[in-house]
Amino acid sequence: LYNPSWITNYLQLALKTYQVIYDQLYQISTEASGSLVVVEGMSQKTDWFQNQVENINETSGVIVAKNELQVYIVADLNSLPDANNYTVTFHDGTIRKASVQGSDPNTGLAVFTVPTSSFEREYWEKLRVMVLGNSNAMNVVGRPVVAVGSPLGQSGSICYGIVTSNQQLVTY
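In what follows, the accompanying structure is described. Treat the numbers as computed from the prediction; the structure is a model and nothing was measured.

Time to look at the packing of aromatic side chains. Inspection of every chain in the model, using the stated rule, returns four aromatic pairs. Here the aromatic rings of Y86 and F112 are separated by 5.2 Å at their centres, their planes lie at 65°, and the arrangement is edge-to-face. One end of the pair, Y86, is in strand β4 (residues 85–89); the other, F112, is in strand β6 (residues 109–115), with 26 residues separating them in the sequence. In this structure, Y86 and F112 share a single accessibility class: buried.

Okay, structure coming up:
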């Protein structure tokens, strides 16, 4: 008779492989979560009845550097149209005022800063800086990648996939 043991062996191997991948993704998301923030931008708009209405938008951000004076955060500025007041919510719910130090209209990214003087020293020292990859080194289509963020204020979101194209110019 036909012996389907190869199917059982294959499924056991696939399950073990999935568990290894899952464990690695969990480790990445755990390590990254301390670097993720939510940036809120507030602006004033005038409605149809000429009333001033506060408009609040938010986007994910990541701590990319810190020094004795500032914590540096990179986030999507296009998600915060016409905003003039910014706050950053850190992974533990701590909220601080932020300001835009610079932006790139081609990518829509901005660098936000939060003064370290707004933190207790012990808190500031524990803030995690995200280790960023080198996109120029990622020239292999089919290579696995991981994206982490805080969509809609939900921290700890993780998504994985593969590189489908390289050196492609993205325009808005």
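Here we come to the nonpolar core. If you look at the biggest cluster of nonpolar residues, it comprises 18 residues, and the most contacted ones within it are V39, V71, I73, V88, F90, F112 and V114. Counting residues per element, the ones that place at least two in this core are β1 (36–46), β3 (70–76), β4 and β6. If sequence neighbours within four positions are ignored, V88 has contacts with V37, V38, V39, I73, T94, I95, R96, A98 and V114.

A cluster of nonpolar side chains, namely L15, Y18, Y22 and Y26, defines an oily patch on the protein surface of about 500 Å² accessible area. Looking at the secondary structure, you find Y18 in helix α1 (residues 5–33).

As a further point, take the sheet that holds β3. Taken in spatial order, the six strands of this closed barrel run β1-β2-β3-β6-β5-β4, and their pairing is antiparallel. Ignoring which end each strand starts from, the neighbouring axes of this sheet average 40° apart. Both β1 and strand β2 (residues 52–66) contribute to a ladder of eleven bridges, which runs antiparallel. By the bridge assignment, L36 is partnered in β2 with V62.

If you trace the backbone, T116 turns up in the loop between β6 and α2 (121–126). With a relative accessible area of 11%, T116 lands in the buried category. Among the polar contacts listed, one links the side chain of T116 to the backbone oxygen of E68, at a separation of 2.5 Å. If we skip the residues at most four places from it in the chain, T116 touches N67, E68, L69, Q70, V71 and W124.

Here the focus is the pattern of salt bridges. Using the criterion set out here, one finds four salt bridges in the structure. Linking E122 and K126 is a salt bridge whose minimum nitrogen-to-oxygen distance equals 3.7 Å. Here E122 pairs with K126, and both are found in helix α2, just four residues apart, close to one helical turn. Take E122 and K126: they sit in the same class, and that class is exposed.

Take the side chain of T113 next. Relative to the elements of secondary structure, T113 occurs in strand β6. With relative accessibility at 2%, the residue T113 sits in the buried group. Polar contacts involving the side chain of T113 include one to the side chain of Q70, which spans 3.4 Å. One polar contact links T113 to Q101, side chain to side chain, over a distance of 3.1 Å. For T113, the contacting residues outside a window of four places in its chain are Q70, V71, Y72, K97, A98, S99 and Q101.

Here the focus is the pairing of β4. Looking at chain direction, β1 and β4 are connected through five bridges and run antiparallel. Within β4, the residue paired with G41 across the bridge is Y86. Bridging between β4 and strand β5 (residues 95–104) involves four bridges; their strand directions are antiparallel. Opposite Y86, over in β5, you have A98 as the bridge partner. In sequence, β4 turns back onto β5 through a hairpin of five residues, with G93 there showing a positive phi of about 95°.

Analysis parameters
- Residues numbered from 1 in each chain as written.
- Predicted model: local features only at pLDDT ≥ 70, side-chain atom pairs only at ≥ 80, totals over all residues.
- Heavy atoms only, no water.
- Phe/Tyr/Trp six-rings, centres within 6.5 Å; stacked < 30°, edge-to-face > 60°.
- Helix = DSSP H or I, 4+ residues; strand = E, 2+ residues; numbered from the N terminus.
- Buried < 20%, exposed > 50% of the residue type's maximum accessible area, 1.4 Å probe, protein only.
- Core = buried A, V, L, I, M, F, W, Y, C linked by side-chain atoms within 4.5 Å.
- Contact = heavy atoms within 4.5 Å.
- Patch = residues over 30% accessible without salt bridge, like charges linked within 9 Å, V, L, I, M, F, W, Y side chains within 5 Å.
- Areas by Shrake-Rupley, 256 points an atom, 1.4 Å probe, with all protein chains shown as cover.
- Salt bridge = Lys/Arg side-chain N within 4 Å of Asp/Glu carboxyl O.
- Pairing = 2+ DSSP bridges.
- Axes fitted to C-alpha atoms, helices over the stretch in contact; angles between N-to-C directions.
- Polar contact = N/O pair within 3.5 Å; in protein donor to acceptor, adjacent residues only side chain to side chain.

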